[in-house]
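An overview of the molecular structure
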Amino acid sequence: MDDPRPALDAERARNERLLADVERSMRDVSDARQDANSDDEHDPEGATLAWERGSLGAVRDAARQRIEQVDAALARLDAGTYGTCTVGGEPIPAARLAAVPWAATCVAHA
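Everything numeric in this text was worked out from a predicted model, so none of it was measured.

What follows deals with the overall build of the chain. Looking only at helices and strands, the chain has three helices and zero strands in total. Going residue by residue from the N terminus, the α and β elements of the chain occur as α-α-α. In the chain, which comprises 110 residues, the proportion classed as buried is 27%. Carbon and sulfur atoms make up 51% of the accessible area of the chain, which amounts to about 7,000 Å² in all.

Listed below in structure tokens is the structure:
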């Protein structure tokens, strides 16, 4: 198996950028709401500010979760347990780790 660290580092960096972008967008939405005198619950013009905040919040939460998963995979790599299912202890197939380098479980326990 090739060293997974570069893929994990790249995934972490990608999600850190995504998180920064989303947090900036959330501030922009919040700032727009402060400057607007609108009823975002009944806005007939399309998506509401509340919907935008909710959507951005979901993306933010997913990016944070992925960073946690990558950090956990890096910790397993450092501890020498990377590639071992955290539930059953069996090896995680190389194809799964190639597709999802931060995978903590085998397919059966996923």
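In this model, helix α2 (residues 49–79) (31 residues) spans 45 Å end to end at C-alpha, consistent with the 45 Å of a helix rising 1.5 Å per residue. Looking only at α2, the buried set comprises Leu 49, Leu 56, Gly 57, Arg 60, Ala 63, Ile 67, Val 70, Ala 73, Leu 74 and Arg 76. The positive-phi residue at the C-terminal boundary of α2 is Gly 80, with phi of around 85 degrees.

For the rest of this paragraph, the subject is the environment of Asp 3. Its location among the elements puts Asp 3 in the segment before α1 (5–35). For the pair formed by Asp 3 and Leu 77, sequence separation is 74 residues and the distance between their alpha carbons is 9.5 Å. Among the polar contacts listed, one links the side chain of Asp 3 to the backbone nitrogen of Arg 5, at a separation of 3.1 Å.

Moving on to the side chain of Thr 105. Summarising the element assignment, Thr 105 is placed in the segment after α3 (94–99). Residue Thr 105 is classed as buried on the basis of its relative accessible area of 12%. Excluding residues within four positions of it along the chain, Thr 105 makes contact with Cys 85, Thr 86, Val 87, Ile 92, Arg 96 and Ala 110.

On to the UniProt feature "domain: Zinc finger DksA/TraR C4-type" (unreviewed entry) in the chain. UniProt's entry tags residues 80–108 with the feature "domain: Zinc finger DksA/TraR C4-type" (unreviewed entry), counted in the numbering of this structure. Secondary structure across residues 80–108 comprises 21% helix and 0% strand; the distance between its end C-alpha atoms is 22 Å.

Attention now moves to the confidence of the model for the chain. Here the chain shows a mean pLDDT of 89. Residues at 70 or above account for 85%. α3 holds the highest mean pLDDT among the elements of the chain, 96, whereas α1 holds the lowest, 90.

Basis of the calculations
- Residues numbered from 1 in each chain as written.
- Predicted model: local features only at pLDDT ≥ 70, side-chain atom pairs only at ≥ 80, totals over all residues.
- Heavy atoms only, no water.
- Helix = DSSP H or I, 4+ residues; strand = E, 2+ residues; numbered from the N terminus.
- Buried < 20%, exposed > 50% of the residue type's maximum accessible area, 1.4 Å probe, protein only.
- Areas by Shrake-Rupley, 256 points an atom, 1.4 Å probe, with all protein chains shown as cover.
- Expected span 1.5 Å × (residues − 1).
- Polar contact = N/O pair within 3.5 Å; in protein donor to acceptor, adjacent residues only side chain to side chain.
- Contact = heavy atoms within 4.5 Å.
- UniProt positions renumbered as here; feature names shortened; annotations may be inferred.
- pLDDT = per-residue confidence, 0-100.

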